[in-house]
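Here is how the chains run, residue by residue.
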Amino acid sequence: MQNFIKINDNDNVVVALNAIPQGEAVAVEVSGRECRITAREEIPAGHKMAVCDIPAGGEVLKYGYRIGNAKEEIPAGAWIHTHNVGTALGDLLEYSYEPVAAVQDAGQTPPKSDGAQDVTFMGFKRPDGKVGVRNEIWVIPTVGCVNNVATAIARQANAFVRGTVEEVIAFPHPYGCSQMGEDQEHTRVILADLINHPNAGGVLVLGLGCENSNIGELMPYIGDYDENRVKFLVAQECEDEIAEAVEIVRGLIDYAAGFEREPVSVEKLVVGMKCGGSDGLSGITANPLVGRFSDLLISRGGTTILTEVPEMFGAETILMNRCANQELFHKTVDLINDFKQYFKSHNQTIYENPSPGNKKGGISTLEDKSLGCTQKSGSALVKGVLQYGERVQTPGLNLLSAPGNDLVASTALAAAGAHIVLFTTGRGTPFASPVPTVKISTNSGLAGRKANWIDFNAGVLVEDDRSMAEEARNLFDYVVEVASGRQVCSEAAGFHDMAIFKQGVTL
């Protein structure tokens, strides 16, 4: 196995797959001819080395795109990182719609490559036509004041789980009161989305009684619901709210236990896509692998959702030009510029990214991170653009407005309708979300060290004789298994997290 990779023929950098020692020469093609470039210093794994002289102010190219400009003259063989390359991005930009050729056919989807168009998973069909990949009972508090009560209810009620019901889960959060405007609106919308999520065979909505987002206020957001599936309890109106709630949950368990897994076409599957704790291999292994998965699922009529808008900055035109029509293009422009305005309105630097962990892993600028991040979108056309809290309606690739924060973005994906979240990482994380969260490592070192966190290892793509197509098929098969009931690491550990996007003042 070679120690480096040149991602695109036009790149003027290579990425070290293993550390390249100072003084080691590597053979690489530059401008159509074979060259031997000697490392001027040690190049850490995941980091970049210049393969030609780059003048001060010159473009640094990776993935075939600019990831920033040289802060100083960079000689061939030099380590390229935050000390000598900076972002080239501006603030609010003007965009023009320049659709790729495939956009001319708005019905285009990636071709079926393996005859697997009739793949099914074993899911739970709900009376309203939705499908779940889990049959859980969720206890959802309307306000943070009853978080501990919700947790106690779930803990006691799990003693009564039976049949196909898998677990009773509480989803504490710190909101639901002392909020104003859009901030309070977002809380209500996300709570209603989770109440309506088909992975929950039954839901207890637990209120305090005096909160701004009380049960009465939530009802219009919840809309029509199955009275057998969704129950409500106001703690201030009970003598013993825990005892009463446990009895209600026992009834929900009885109801949900009537559902059995049965074959469902993967065209019903909705998968969210997110990355966090990225490293220099994220855009080479795990993220493009998820992109291939996305194309496979979409080619079978399924749906994927890409989010974390701030990590599209610098690569947004790639997504804009894959929009199926001009209306979606303009929605994507608004998606990007609205998020930039959000930064500006809080007097924050738009491009204050990547994180310390990203930098340690080899990511130098936001463009570097974004071009790797958007690899998860694959090659399909953008068929939908969703606001925060909006539920997916259109099969195919959708873009969702949410920040890059792991817990907030993954919760937003679940609220939008994702049954499962694919989460790529080069640094590792144990967190979960309201739905099964598949951790995909970018490198085998992480997968070996944290087998209790990592579900799927994409690091083999730069180590073994594995093709991207083969591993994409393996990931597809694994996701079908998860949809059919296979637990991911965070579920086996009993982890379930949720977080709501906080905006605005707290009263």
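Above this note sits the structure.
Residues numbered from 1 in each chain as written. Predicted model: local features only at pLDDT ≥ 70, side-chain atom pairs only at ≥ 80, totals over all residues. Heavy atoms only, no water.

Participant: Which parts of the structure should I look at to understand the overall build of the protein chain?
Facilitator: Counting its regular elements, the protein chain contains 13 helices and 23 strands. Taken over C-alpha atoms, the radius of gyration comes to 24 Å for the protein chain, in line with the 23 Å a tight globule of 507 residues would show. Principal-axis analysis of the C-alpha atoms places the extent of the protein chain at approximately 80 × 50 × 45 Å. Counting every position in the protein chain, which comprises 507 residues, the buried fraction comes to 57%. Across the protein chain, the fraction of contacts at a sequence separation of at least 24, relative to all contacts at a separation of at least 6, is 72%. Total accessible area on the protein chain is roughly 19600 Å²; 46% of this is exposed by carbon and sulfur atoms. Of the side chains in the protein chain, 42 bear a positive and 63 a negative charge, and the two mean positions are spaced by 3 Å. (Helix = DSSP H or I, 4+ residues; strand = E, 2+ residues; numbered from the N terminus. Rg over C-alpha atoms; globule rule 2.2 N^0.38 Å. Buried < 20%, exposed > 50% of the residue type's maximum accessible area, 1.4 Å probe, protein only. Contact = heavy atoms within 4.5 Å. Areas by Shrake-Rupley, 256 points an atom, 1.4 Å probe, with all protein chains shown as cover. Lys, Arg positive; Asp, Glu negative; His and termini not counted. Charge placed at Lys NZ, Arg CZ, Asp CG, Glu CD.)

Participant: Looking at this structure, I do not really get a nonpolar patch on the surface. What am I missing?
Facilitator: Taken together, the side chains of M180, V505 and L507 present a nonpolar region at the surface, about 320 Å² in accessible area. On the secondary structure map, L507 appears in the segment after helix 13 (489-492). L507 gets classed as exposed once you look at its relative accessible area, which sits at 64%. (Patch = residues over 30% accessible without salt bridge, like charges linked within 9 Å, V, L, I, M, F, W, Y side chains within 5 Å. Salt bridge = Lys/Arg side-chain N within 4 Å of Asp/Glu carboxyl O.)

Participant: Would you mind going over helix 1 (residues 147-157) with me for this structure?
Facilitator: Those residues of helix 1 not exposed but buried are N147, V149, A150, A152, I153, A154 and A157. Buried-residue contacts for helix 1 involve strand 12 (136-141), strand 13 (168-170), strand 14 (200-207) and helix 4 (241-256).

Participant: Hey, could you run me through unusual backbone geometry in this one?
Facilitator: Most peptide bonds take the trans form, and the phi angle of most residues other than glycine is negative. Of note, E308 is a non-glycine position whose phi angle comes to about 60°, a positive value. Here E308 shows up in the loop between strand 18 (303-306) and helix 6 (316-320). Look at N347: it is not a glycine, yet its phi comes out positive at around 55°. Looking at the secondary structure, you find N347 in the loop between helix 7 (326-345) and helix 8 (356-361).

Participant: Sorry if this is basic, but what is going on with the pattern of salt bridges here?
Facilitator: If charged atoms from side chains of opposite charge come close, those side chains can pair. Counting across every chain of the model gives 19 salt bridges. As a salt-bridge pair, E327 and K331 come within 3.9 Å of each other at their nearest N and O atoms. Pair noted here: E327 and K331 are both in helix 7, with a separation of 4 residues, about one helical turn. Here R486 ties to E481 by a salt bridge, and the two come within 2.5 Å at their closest N and O atoms. Given a relative accessible area of 42%, R486 falls into the partly exposed group. Among the ionic contacts, a cluster of salt bridges with common partners joins K274, E308, K376 and D406.

Participant: Sorry if this is basic, but what is going on with the environment of G276 here?
Facilitator: Assignment of secondary structure puts G276 in the loop between strand 17 (270-275) and helix 5 (286-299). Counting along the chain gives 119 residues from G276 to P395, while the straight-line C-alpha distance between them is 25 Å.

Participant: Is there a simple way to explain the side chain of S433 in this structure?
Facilitator: In this structure, S433 sits in the loop between strand 21 (420-425) and strand 22 (437-441). Judged by relative accessible area, which is 2%, S433 ranks as buried. A polar contact is formed between the side chain of S433 and the backbone oxygen of V435, at a distance of 3.0 Å. Setting aside its immediate chain neighbours within four residues, S433 contacts S410, V421, H496 and D497. (Polar contact = N/O pair within 3.5 Å; in protein donor to acceptor, adjacent residues only side chain to side chain.)

Purely spatial values, then, with no claim about function.
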